[in-house]
Amino acid sequence: METLAINGGKPVRASLLPYGQQWVDEQDIQEVSAVLRSSFLTQGPKIEQFEEAVAKQAGATYAVAFCNGTAALHAACFAAGIKEGDEVITSPLTFVASSNCVLYEGGTPVFADVDPETYLLTVEQMKAKLTSRTKAIIPVDFSGQPVNMQAFQAFARENNLVMIQDAAHSFGASYDGQPVGSVADMTMLSFHPVKPVTTAEGGVIVTNNELYAKKLRLFRSHGITRDLQELEHESEGPWYYEMQELGYNYRMTDMQAALGLSQINRLDRFISFRNEIAAKYDAAFQVLEDKGWIRRPVVREQAHSGWHLYILQLKLEHLTVDRRQIFEALRAENIGVNVHYIPVYLNPYYAKLGYKQGLCPTAEQLYTSFITLPLFPKMDDRDVEDTIQAVNKVLEFYAKRS
Ligand SMILES: *Cc1c(COP(=O)(O)O)cnc(C)c1O
């Protein structure tokens with residue numbers, strides 16, 4: 001057996017392969033440069049063009065751009081009317097922003113456990129957490145696979161709840177033929193560099209609801225409006241504006257919007273590349289799954305995944321070491337593995353709020369066995385091969401032989 005790099009052997013590759021990375025091309029750079037030469041760096045024409053392109057791609061009527069996805073989620077909670085005493089059900093297996101946005105507005109996040117097959121929330125698991133105080137739901141398209149959006153939206157309707165879909169991982173994906181962004185009351189897309197397409201930092205809420213769109217725009221810019229139709233007091237002249245809500249400065253710049261506008265042209269291609277790489281991993285890791293050492297990610301038939309993350313579930317009972325050792329061994333081979341995510345409520349801040357270990361046993365158990373492999377559109381065949389080779393090498397070494 002080959003000596004592992006962690007034990008002094010030669011690493012599979014010479015330099016670290018990251019788990020995710022943007023793909024910015026010359027056209028992107030030219031579009032951003034053009035904004036820098038124009039008269040608007042922010043609040044100019046690129047924002048609206050970007051919003052139109054996002055809405056079209058998502059199959060939604062309105063899109064409102066923000067400085068990042070977290071600000072967009074905050075705005076969605078404001079638009080949904082979340083306030084003190086309101087409960088909002090979400091997943092523990094997500095980035096902290098999915099539930100922090102509820103806290104920002106004074107609401108209470110409620111965590112429903114995930115399905116052990118798909119790692120996603122299901123309507124059944126949410127139903128169990130429903131109370132008379134539930135005001136909204138934030139299902140998360142974990143790893144790029146969309147939740148059953150249609151089922152969640154029907155559940156929200158029946159129970160008079162607002163559905164905010166956290167689609168930070170899944171722009172460009174679809175469920176039952178409907179694009180992510182076209183179904184939920186509001187859908188949040190993130191444009192961070194590791195996400196499907198990037199604006200460096202950026203977020204968008206897409207919606208089909210005009211009232212939500214208005215509230216989102218107000219919230220993005222200090223709660224201030226100049227729209228004559230919307231004024232609460234009488235206009236005092238052409239300079240007149242009024243602040244109607246306590247908003248923030250959550251605006252995106254025109255440089256970011258120009259980058260996003262240029263990137264969106266390649267979204268479908270990026271998603272295809274991600275699907276191709278995931279298919280190569282699936283084929284290569286079949287053997288390891290048959291040996292009982294890992295479980296590969298499962299995509300349901302109705303879902304076209306955005307493949308944001310390719311996560312192996314380690315079958316620790318068949319391995320001689322824990323996830324940490326395998327993580328460090330793969331890092332030593334220069335494969336930039338990662339872990340998504342520490343269940344949100346296990347963070348110290350949530351513990352201080354009173355959330356306890358044991359709340360979502362499936363999510364907690366999955367967390368101890370998850371390892372995220374590199375997956376991004378710019379990876380070449382060599383990068384994919386290196387990752388496969390390193391995973392085989394490390395798991396062969398740590399497998400229990402009985
Ligand atoms: C990235 C991410 C966010 C937040 O997006 P930012 O643009 O980084 O603020 C929210 N939820 C999930 C699941 C994410 O992965």
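Residues numbered from 1 in each chain as written. Predicted model: local features only at pLDDT ≥ 70, side-chain atom pairs only at ≥ 80, totals over all residues. Heavy atoms only, no water.

Before going further, it helps to spend a moment on the layout of surface pockets. Looking at the largest pocket, its volume works out to about 730 Å³. As for the largest pocket, its lining consists of 28 residues, and the residues nearest its centre are Lys 214, Arg 217, Leu 218, Arg 220 and Ile 224. Contributions of two or more residues to the lining of the largest pocket are made by helix H2 (45-58), strand E1 (62-66), helix H7 (210-220) and strand E10 (224-225). A per-element tally of the lining of the largest pocket places H7 first, with 8 residues. When its residues are assigned to classes, the lining of the largest pocket shows 10 nonpolar, 6 polar and 12 charged. When its volume is computed, the second largest pocket comes out at roughly 370 Å³. In terms of lining residues, the second largest pocket is bounded by 23 residues, among which Phe 95, Ala 168, Ser 190, His 192 and Lys 195 are the most central. Of all the elements in the fold, those that place two or more residues in the lining of the second largest pocket are helix H3 (69-79), helix H4 (97-104) and strand E8 (186-190). Top element by residues in the lining of the second largest pocket is H3. It accounts for 3 residues. Broken down by class, the residue content of the lining of the second largest pocket amounts to 9 nonpolar, 11 polar and 3 charged. (1 Å grid on protein atoms, 1.4 Å probe; cavity = no way out; pocket = protein on both sides within 12 Å on 5 of 7 lines; lining within 4 Å. Points joined across faces, edges and corners; volume = space filled by probe spheres on them. Helix = DSSP H or I, 4+ residues; strand = E, 2+ residues; numbered from the N terminus. Nonpolar A, V, L, I, M, F, W, Y, C, P; charged D, E, K, R; others polar.)

Moving on to the packing of H3 against H4. Relative to each other, H3 and H4 sit at 45°, their axes nearing to 8 Å. Between H3 and H4, the interaxial angle falls into the category oblique. As H3 packs across H4, the resulting crossing turns out to be right-handed. Contacts between H3 and H4 involve Thr 70, Leu 73, His 74 and Cys 77 on the former and, on the latter, Ala 97, Ser 98, Cys 101, Val 102 and Tyr 104. Residue classes in the contact of H3 with H4 are distributed as 6 nonpolar, 3 polar and no charged. (Axes fitted to C-alpha atoms, helices over the stretch in contact; angles between N-to-C directions. Parallel < 35°, antiparallel > 145°, perpendicular 65-115°, else oblique. Left-handed = near helix turned anticlockwise from the far one by under 90°. Contact = heavy atoms within 4.5 Å.)

Here we come to the domain arrangement of the protein chain. As assigned here, the protein chain comprises domain 1 (26-265) and domain 2 (268-398). Computed from C-alpha coordinates alone, the two centres of domain 1 and domain 2 are separated by 27 Å. Taken together, the contacts link 40 residues of domain 1 with 36 residues of domain 2. Around 3100 Å² of area is buried between domain 1 and domain 2 when both sides are counted, 57% of it from carbon and sulfur atoms. (Domains from an automatic or database assignment. Buried area = accessible area lost by both parts, 1.4 Å probe.)

What follows is about the sheet that holds E8. Taken in spatial order, the 7 strands line up as E1-E9-E8-E5-E4-E2-E3 in an open sheet, and their pairing is mixed. Two strands lie at the open edges of the sheet, namely E1 and strand E3 (108-111), each paired on one side alone. Between one strand axis and the next, the sheet turns by 25° as a mean value, whatever way the strands run. Two strands pair when backbone bridges link them, and E1 and strand E9 (residues 203-207) are joined in this way by 5 bridges, in the antiparallel orientation. The partner of Phe 66 across the bridge, within E9, is Gly 203. (Pairing = 2+ DSSP bridges.)

Looking at where Ser 143 falls in the secondary structure, it is placed in the loop between strand E4 (134-138) and helix H6 (149-158). Taking the relative accessible area as the measure of exposure, Ser 143 reaches 11% and is therefore buried. With residues up to four places along the chain from it excluded, the contact list for Ser 143 reads His 169, Ser 305, Trp 307, His 308 and Leu 309. (Buried < 20%, exposed > 50% of the residue type's maximum accessible area, 1.4 Å probe, protein only.)

What follows covers the nonpolar core. Counting 60 residues, the largest nonpolar core has Phe 50, Val 54, Ile 137 and Phe 171 as the members making the most contacts within it. Sorting elements by how many residues they give to this core places H2 first, with 5 residues. Two domains each donate at least three residues to this core, and these are domain 1 (26-265) and domain 2 (268-398). Dropping the residues within four chain positions of it, Ile 137 is found in contact with Val 88, Ile 89, Met 126, Phe 152, Phe 155, Ala 156, Leu 161, Val 162, Met 163 and Ile 164. Ranked by size, the runner-up nonpolar core spans 34 residues in total, among them Val 12, Leu 314, Leu 319 and Met 379. (Core = buried A, V, L, I, M, F, W, Y, C linked by side-chain atoms within 4.5 Å.)

Turning our eyes to something else, we now look at empty space enclosed by the protein. Across all of its chains, the model carries 2 cavities of 30 Å³ or more by this definition. Its volume calculated, the largest cavity comes out at about 80 Å³. Split by residue class, the lining of the largest cavity holds 7 nonpolar, 4 polar and no charged. Each of domain 1 (26-265) and domain 2 (268-398) accounts for three or more of the residues forming the lining of the largest cavity. Its volume calculated, the second largest cavity comes out at about 70 Å³.

This part takes up the sheet that holds strand E7 (residues 178-179). In sheet architecture, strand pairing relies on hydrogen bonds along the backbone and comes in two forms, parallel and antiparallel. Reading across from one edge, E7-E6-E13 is the order of the 3 strands in this open sheet, with antiparallel pairing throughout. Each edge of the sheet is formed by a strand with only one pairing partner; in this case those strands are E7 and strand E13 (303-304). Direction of pairing for strand E6 (residues 174-175) relative to E13: antiparallel, over a ladder of 2 bridges. When the bridges of E13 are listed, Tyr 175 appears paired with Ala 303.

Before going further, it helps to spend a moment on the pairing of strand E15 (residues 370-373). Residues Phe 370 and Thr 372 point to one face of E15 and Ile 371 and Leu 373 to the other, with burial holding for every one of them. Examined bridge by bridge, strand E14 (residues 310-314) and E15 share 4 bridges and lie antiparallel to one another. The residue bridging Tyr 310 from the neighbouring strand is Leu 373, located in E15.

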